[in-house]
Amino acid sequence: MLALDDDPLLPPPPPPRAPVQMPWGLRLREWVLAYLPLLLMALLALATWWLVKNTPIVSAPGSERPLRHEPDYTMQGFTLQRFTPTGALRVQIEGTQMRHYPDTDTFEIDEVRVRSLGEDGSVIRARAQRALSDGKGTHVQLLGGAQVVRETRDGQPPVEFRSEFLQVFLDTERVQTDQPVQMLQAGNDMRAAGLDYDHRSRVAQLKGPVKARLDPPGRRR
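These notes cover the structure that comes with them. (Residues numbered from 1 in each chain as written. Predicted model: local features only at pLDDT ≥ 70, side-chain atom pairs only at ≥ 80, totals over all residues. Heavy atoms only, no water.)

### Side note on the overall build of the chain
Okay, so step 1: Looking only at helices and strands, the chain features one helix and 12 strands.
Okay, so step 2: When the helices and strands of the chain are placed in sequence order, the string is α-β-β-β-β-β-β-β-β-β-β-β-β.
Okay, so step 3: Buried positions account for 28% of the 221 residues belonging to the chain.
Okay, so step 4: For the chain, restricting intrachain contacts to residue pairs at least 6 apart in sequence, the fraction spanning at least 24 positions comes to 34%.
Okay, so step 5: With the model as given, the accessible surface of the chain reaches about 16,000 Å², and the carbon-plus-sulfur share is 58%. (Helix = DSSP H or I, 4+ residues; strand = E, 2+ residues; numbered from the N terminus. Buried < 20%, exposed > 50% of the residue type's maximum accessible area, 1.4 Å probe, protein only. Contact = heavy atoms within 4.5 Å. Areas by Shrake-Rupley, 256 points an atom, 1.4 Å probe, with all protein chains shown as cover.)

Quick look at the structure:
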């Protein structure tokens, strides 16, 4: 019996076709398209993790940390000026270094120099090794070699105060201390254990014991 495959009249079967090789760029494109959704999900998860990690946590009301008595900024070789609403200079404070403490809103100043202009044109000049000032610069505490000079424009001789500690209230033009103080004016020299001087009333309250050396007006030059 003769098989059909052995029929000499039939053409021989075609040889098997070799597998088609796709170009490298096309294969890479197919791979990217196949895995693109997975890559996007991974990137989204990574971005969400980074956002959660770097988002600041909002503190509940009343849970803020108390401020410590540490300076939040410093200034070197500085000059601070405060002006009146009309633009006139009221107070100028200079020093070699200034430190601001946010818990008390105060300034600590080294080698301080203060110049204040009164409404009547009078001038207060002060200096000390160190000073503490409120945020507005109206209350200044002078420590170490403190010196305050009050000058007027009415022909009166200037008044000078010397002590290791002086408080100057620039808005009310007062000088106070609870430590030994020396008060000088013209040829007069008064020393006391404390002082409360009000320039507007021209009254100085000296706390005892008090020692004074008064120069008679006839001897003044």
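### Describing the environment of Val140
Okay, so step 1: For Val140, the position within the fold is in strand β5 (residues 139–151).
Okay, so step 2: For Val140, a relative accessible area of 3% gives the class buried.
Okay, so step 3: With 28 residues separating them in the primary sequence, Val140 and Val168 have C-alpha atoms 5.2 Å apart.
Okay, so step 4: Not counting chain neighbours up to four residues away, the residues in contact with Val140 comprise Ala131, Leu132, Ser133, Leu166, Gln167, Val168 and Leu170.

### A few points about the nonpolar core
Okay, so step 1: Counting 28 residues, the largest nonpolar core has Ile109, Val112, Leu142, Val148, Phe161 and Leu166 as the members making the most contacts within it.
Okay, so step 2: Listing elements by their share of this core, those giving two or more residues are β2 (89–101), β3 (106–117), β4 (123–134), β5, β6 (159–169), β8 (181–185), β9 (188–192) and β10 (194–198).
Okay, so step 3: Not counting chain neighbours up to four residues away, the residues in contact with Ile109 comprise Phe78, Ile93, Glu94, Gly95, Gln97, Met98, Gln129, Arg130 and Ala131. (Core = buried A, V, L, I, M, F, W, Y, C linked by side-chain atoms within 4.5 Å.)

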